[in-house]
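# Report on the structure
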Amino acid sequence: MDSSRSYVAEAFSPTAATRAYCGAADADAIEARITALLSALTPAEKVDLMHGHTLGLVEHTWEVPGNEAHRIPGLHMLDGPRGLSAFTQGEATAFPVAMMRGATWDPSLERRVGEAIAEEVRSVGVDVLLAPTMNILRHPRWGRAQETYSEDTHHLGSMAVAFIEGVQSRGVLASAKHFAANSIEDSRHRVDVRVDERTLREVYLPHFRRAVVDARVASVMSAYNKVNGDWSDQSAHLLRDVLRGEWGFAGFVESDWILGTHGDVESVRAGLDIEMPIGLHFERLTSRIEQGEISEREIDVSLRRILRAQLCYGLDARARVADDPTRRLTPEHLSLAREVARRGMVLLRNEASRGAPALPLDAATLRRLVVLGRNADVENLGDHGSSNVRSAQVVTALEGLRARAGAGITVTHLSGDALDEAGQRAVREADAVVVVTGLQAGDEGEAEVGAGDREGLELPSGEVGLIRAAAALNERVVVVLEGGAAILTRGWRDEVEAVVMAFYPGAQGGSALAEVLFGDAAPSGRLPFSIPEREADLPGFDNRSDAVTYGYFHGYRHLAREGVPAAHAFGSGLSYTTFAYSELALSATTVRAGQSFTASVTVTNRGAVRAIETPQLYVTARGSRVERSPRDLRSFAQVELAPGASARVTLTVRVDDLAYWDAATSAWVLEPIAYDVIVAPDAAAEGLRTTVRAE
Ligand code: BGC
């Protein structure tokens, strides 16, 4: 320690939030140790802990170097949302993209994905995982739609909380990104997202609040965009007042990467703690301190958060793994990737063909299967931006179908988007045709490092032509769509018998697809977004202007308000059976702020196969003094049922989730009115209905 320094840092009294952040570690001892460190470190040493030092990776990660003399371990950061980043050049398990995991509607499964990704990234010495991406899917043209979970804040929050808990249970710090309102790629470095306070609080922030309050996320990444005129890294409203002041966030905020920090003193004062990946601005902080433009005490506020994260997670007490490939691509992780892909496939349409539903395919009678489409035989894992994963052991759709079909079924693959004479004959004579199509990394992704935003919601025209050509020749055509979000089915869907949304299904996607198509498992995915009939049914998407306004309504809430039916509703998905709902009952008919109540419903499997159903609970406020959404998802649950079986399913609602944000008083208001409680299989279904009253 530098004994010549006379600076004495202020002592710190832990709060409930800082203690909770520290988990099982001794929070009081850690805060005292930080106080001692803050007295001992020089201003220059402190500033060194506040930024990365190289543009590229050093030994597999972006490093915020520690300080050996003071036993400060530093931080080692890396992406990402679907597995260990391709930036390392190492092979890892490519999990299905988060949007597909969202389609499972199963937080316990997502928790296991978080655990597995954390184990894989730790194998190269990562201690901060740059995930989850948890921005609202405001519009399906957003290039990074695939990285997030949903168009709905409640659903997104539930999945992100599970992921964060899984990651952090394995000793890796998660980073909730990108805070906030980051839902456009092409203009991400300049756009000012204008959003009124009520919309911000009710639509764009509640899932982040849950990441902080419920999951105790260790870090938060600020967004590139501006929000209401302030760069996200300089938004005192977002970082200081809301994130820290109201939610009690005790960890650190790091900037996003490509010029995502917009100043030094102003960013630090607003609440940014670390500039990544290099200190373009923060390097100046030492001289700013010397010139009296910011005090060392102000710097200490950031330092305390940075050190707290390192010490509460015990990074000083463990040896970093240099590189241990045996902990990646393990049989367990590959089998989890397959399970998740199977669970996330959404069956959008399944019409009768020759007297029976087109799906499942019957291996006992099927003899000739033809597989076509641009994604049939490619490794289509998703965006090539920061979420990219290099994965060995990728099973394409064609490989998965071939393996499942076995020796008795001839699988013919036709490439290209035109059918020549032999191709036409093969399609005509096939017992079933599977067209694996949709998007690729060249169509959507992160800006600069990937493809950016989508140009529209249609399939490539050649693929529509191919679907039509196949449909004209065969009565059992199954279209498998891959992509991050909604792809329009209008115009061709009525010509085909079945449609499956397969997202980017990860390394084992082909095997999972085959399991679902052949009926080894009934499809259980439910859409985490709405698929409209036309793009014009949605609010506009503007990725060119320097300023855009986000309104209160988008997705299913917008469609419900406009009275426009979706082609495929939020929450919807077919199975190989049907379910009946009955006997809706509430635990209470009058409720108060701070409480929870439950709705119970009997779900019956009316078919002949075991399957999973996902009852969803929507709320409508009656007679509110402000305009509310016709429906808001407030809870969901899941049940697996044997043929003919029934079960009672319980859905829990937090009463505070019935409140609206009153901008005039800057407070949540729980109105003493009646709320319809609707339990339904999707956002558009009538479902069962009852009423609860708030006091
Ligand atoms: C992305 C982040 C990512 C970072 C590091 C940025 O451009 O927006 O999501 O974590 O790069 O790869």
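The structure this text deals with has already been given above.
Here's what I pulled together on the structure shown here. These figures come from a predicted structure and were not determined experimentally. (Residues numbered from 1 in each chain as written. Predicted model: local features only at pLDDT ≥ 70, side-chain atom pairs only at ≥ 80, totals over all residues. Heavy atoms only, no water.)

## Let's talk about unusual backbone geometry
Put simply, the rule is: To qualify as a helix, a DSSP run of H or I must reach at least 4 residues; to qualify as a strand, a run of E must reach at least 2; elements of each kind are numbered from the N terminus.
A cis amide bond links D79 to the next residue, G80, at an omega of 15°. Within the element layout of this structure, G80 appears in the loop between β2 (72-78) and α4 (98-104). Here A131 and P132 are connected by a cis peptide whose omega angle stands at 5°. Residue placement: P132 occurs in the loop between β3 (128-129) and α6 (153-169). Backbone geometry places F503, a non-glycine residue, at a positive phi of 50°. Checked against the element boundaries, F503 lands in the loop between β17 (498-501) and α17 (509-517).

## Comments concerning helix α5 (residues 107-122)
To be explicit about the condition: Under the convention used throughout, the expected extent of a helix is 1.5 Å for every residue step, that is, one less than its residue count. Partly exposed describes any residue whose relative accessible area lies between the buried limit of under 20% and the exposed limit of over 50%, with all areas from a 1.4 Å probe on protein chains only and scaled to the type maximum. Whether two residues are in contact is decided by their heavy atoms, any of which lying within 4.5 Å being enough.
End to end, α5 covers 22 Å across 16 residues, agreeing with the expected 22 Å (1.5 Å per residue, within 8%). Residues of α5 that are buried: L109, E110, V113, G114, E115, A116, I117, A118, E120 and V121. Contacts made by the buried residues of α5 are with α4, β3, α6 and α13 (331-344).

## Description of the packing of aromatic side chains
Worth spelling out the cut-off: A pair of aromatic rings is counted whenever rings of Phe, Tyr or Trp (Trp by its six-membered ring) have centres within 6.5 Å, and the orientation is called stacked for planes under 30 degrees apart, edge-to-face for over 60 and tilted otherwise.
Counting across every chain of the model gives 13 aromatic pairs. An angle of 35° between the planes, with centres 5.2 Å apart, marks the rings of Y204 and Y550 as tilted. Residue Y204 is located in helix α7 (residues 197-204), and its partner Y550 is located in strand β18 (residues 547-550); the two are separated by 346 residues in the primary sequence. Each ring, one from Y556 and one from F570, has its centre 4.6 Å from the other, and the planes form 20°; the classification is stacked. Taken together, the residues span a long stretch of sequence, with Y556 in helix α18 (residues 555-562) and F570 in the loop between α18 and β19 (579-586) at a distance of 14 residues.

## Observations concerning the side chain of T614
How we decide: Polar contacts, as used here, are pairs of N or O atoms within 3.5 Å; protein pairs need one atom able to donate a hydrogen and one able to accept it. Residues neighboring in sequence count only if both atoms are side-chain atoms.
The topology assignment puts T614 in the loop between β22 (611-613) and β23 (616-621). Of the polar contacts made by the side chain of T614, one reaches the side chain of Q638; its length is 2.9 Å.

## Re the state of the cysteines
As used here, a disulfide is simply a covalent bond connecting the sulfur atoms of two cysteines. Applied cut-off: We call a pair of cysteine sulfur atoms a disulfide whenever their separation is within 2.5 Å.
Tallying each qualifying case throughout the model produces one disulfide. The disulfide that involves C22 links it to C312, with 1.8 Å between the sulfurs. Across the S-S bond of C22 and C312 the torsion is about -55°, and the bridge reads as left-handed. Remark: C312 occurs in helix α12 (residues 296-312) and C22 occurs in helix α1 (residues 16-22); sequence separation between them is 290 residues. The exposure class of C312 is buried, given its relative accessible area of 10%.

## Let's talk about the site of the ligand
Note the threshold: By convention in these notes, a residue is near a molecule or strand provided one of its non-hydrogen atoms lies within 4 Å of it. Using the Shrake-Rupley algorithm and a 1.4 Å probe, accessible areas are obtained, with residue cover drawn only from the displayed protein chains. Under the grouping applied here, Gly and all other residues not named as nonpolar or charged are polar, the nonpolar ones being Ala, Val, Leu, Ile, Met, Phe, Trp, Tyr, Cys and Pro and the charged ones Asp, Glu, Lys and Arg.
The environment of the ligand is made up of 15 residues, and the closest members are D79, R144, H178, Y224 and D256. In the model, an oxygen atom of the ligand is placed 2.6 Å from a nitrogen or oxygen of the D79 side chain. Here R188 contributes a side-chain N or O atom positioned 3.3 Å from an oxygen atom of the ligand. Expressed as a share of its isolated accessible area of 310 Å², the protein-covered part of the ligand is 97%. Residue classes in the shell around the ligand are distributed as seven nonpolar, two polar and six charged.

## So, the nonpolar core
Rule in force here: In these notes, a set of buried Ala, Val, Leu, Ile, Met, Phe, Trp, Tyr and Cys residues joined through side-chain atoms within 4.5 Å is what counts as a nonpolar core.
M77, F179, L369, L372, L517 and F529 are the most contacted members of the largest nonpolar core, which totals 212 residues. Excluding anything up to four places from it in sequence, F179 contacts L205, F208, V220, M221, S222, A223, S232, L238, L239, L243 and W247.

## What to know about the pairing of β23
Keep this limit in mind: At least two DSSP bridges between two strands are needed for those strands to be called paired.
Most of β23 sits out of view: six of its six residues are buried. Residues Q616, Y618 and T620 point to one face of β23 and L617, V619 and A621 to the other, with burial holding for every one of them. In the sheet, β23 pairs with strand β24 (residues 632-636) via four bridges, with the strands oriented antiparallel. Within the sheet, the bridge partner assigned to Q616 lies in β24 and is F636. Sheet topology places β23 next to strand β29 (residues 674-680); six bridges connect them, and they run antiparallel. Counterpart to A621 in the pairing with β29 is Y675.

## Here's the deal with the side chain of S123
Along the chain, S123 turns up in the loop between α5 and β3. Side-chain polar atoms of S123 contact the side chain of R328, separated by 2.7 Å. Beyond its immediate chain neighbours, meaning those up to four positions away, S123 contacts V321, A322, D323, D324, R327 and R328.

## Description of the environment of R689
Structurally, R689 can be placed in strand β30 (residues 688-694). Each residue touching R689, except ones within four places of it in the same chain, is listed here: L584, R631, D676, V677 and I678. One polar contact links R689 to D676, side chain to side chain, over a distance of 3.2 Å.

## Considering the pattern of salt bridges
Our working definition: Basic side-chain nitrogens of Lys or Arg form a salt bridge, by our definition, when they fall within 4 Å of a carboxyl oxygen of Asp or Glu.
Going through the model one piece at a time under the given rule, you end up with 60 salt bridges. The salt bridge involving R144 is made with E147; its shortest N-O contact spans 2.7 Å. What makes R144 buried here is its relative accessible area of 2%. We note a salt bridge from D520 to R404, for which the minimum N-O separation is 2.7 Å. In this pair, D520 is assigned in the loop between α17 and β18 and R404 in helix α14 (residues 397-405), connecting sequence segments 116 residues apart. Look at D520 and you get partly exposed, because its relative accessible area is 42%.

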